[in-house]
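# Structural overview
What follows is each chain in one-letter form.
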Amino acid sequence: RLRAESPVLRVKSAGRTFLTKASDTKFVKDHPEIFSSNDPKTPMQRAFQAHTLMRKDGPEHMAERMAMAPALMPKTIQDVWQPLYRELTAQYLDRLPRGEIVDLHRELSAPIAARILAHILGIPEATDEQMIFWSQALIDGAGNFGWEPGPFAVSDHANLEMNALLDTAVERVRDRK
């Protein structure tokens, strides 16, 4: 109905404009000179305690994106990530209970996504439960357009835990050099 009646909708209470058509979304994405990603009115920076790649434009965005590019090259995906993902998927599938109804999100997709993200971030020692909690805490904080203190308290806690583990990972990498 929104696509038909209000494909571009301003929601005053959230301070946001919603686009309901793919073509409009693509236009916005393809014209950063008109529509900047750097929107300080979103709670994302507060929740993540950082100015994230998603909220950067131009050279600043490109510099960070290019730093990640080697890990996302087709050859790296094929040689490094694909075998790991297959191994992890097999492990998680093997541990599913047999002969009973299971919640595939809780038992399979969320833990696999958590495990893969832990490896991508270089913190495979993080538990699935930690990764799931941290991810949800950041999502909830980034979507906290009411700027309520509760979701930010949770995302702050998640950031403290993640930063401690990431600091350990950084030291581990430095020690290898």
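Everything in this summary refers to the structure shown in the same document. (Residues numbered from 1 in each chain as written. Predicted model: local features only at pLDDT ≥ 70, side-chain atom pairs only at ≥ 80, totals over all residues. Heavy atoms only, no water.)

The contact between helix H7 (residues 128-142) and helix H8 (residues 149-176) brings their axes to 8 Å, and the two run at 135 degrees. Considering the angle they form, H7 stands oblique to H8. Crossing geometry of H7 relative to H8 is assigned as left-handed. Contact residues: Phe 133, Trp 134, Ala 137, Leu 138, Asp 140 and Gly 141 in H7; Pro 151, Phe 152, Val 154, Ser 155, His 157, Ala 158, Asn 159, Glu 161, Met 162 and Leu 165 in H8. (Axes fitted to C-alpha atoms, helices over the stretch in contact; angles between N-to-C directions. Helix = DSSP H or I, 4+ residues; strand = E, 2+ residues; numbered from the N terminus. Parallel < 35°, antiparallel > 145°, perpendicular 65-115°, else oblique. Left-handed = near helix turned anticlockwise from the far one by under 90°. Contact = heavy atoms within 4.5 Å.)

Relative to the helices and strands, Asn 144 is located in the loop between H7 and H8. Apart from the residues lying within four places of it in its own chain, the contact partners of Asn 144 are Pro 43, Pro 151 and Phe 152.

The next point concerns a nonpolar patch on the surface. Taken together, Leu 117, Ile 120, Leu 121 and Leu 166 make up a surface patch of nonpolar side chains, about 300 Å² in accessible area. Its place among the elements puts Ile 120 in helix H6 (residues 104-120). Take Ile 120: its relative accessible area is 44%, and that puts it in the partly exposed class. (Patch = residues over 30% accessible without salt bridge, like charges linked within 9 Å, V, L, I, M, F, W, Y side chains within 5 Å. Areas by Shrake-Rupley, 256 points an atom, 1.4 Å probe, with all protein chains shown as cover. Salt bridge = Lys/Arg side-chain N within 4 Å of Asp/Glu carboxyl O. Buried < 20%, exposed > 50% of the residue type's maximum accessible area, 1.4 Å probe, protein only.)

For Arg 115, the location among the structural elements is in helix H6. Using a relative accessible area of 10% as the deciding quantity, one classes Arg 115 as buried. Separated by 26 residues in sequence, Arg 115 and Thr 89 have C-alpha atoms that sit 9.7 Å apart. Among all residues touching Arg 115, those that are not within four sequence positions of it are Leu 88, Tyr 92, Pro 124, Ala 126, Thr 127 and Asp 128. Polar side-chain contacts of Arg 115 include one of 2.5 Å to the backbone oxygen of Ala 126. (Polar contact = N/O pair within 3.5 Å; in protein donor to acceptor, adjacent residues only side chain to side chain.)

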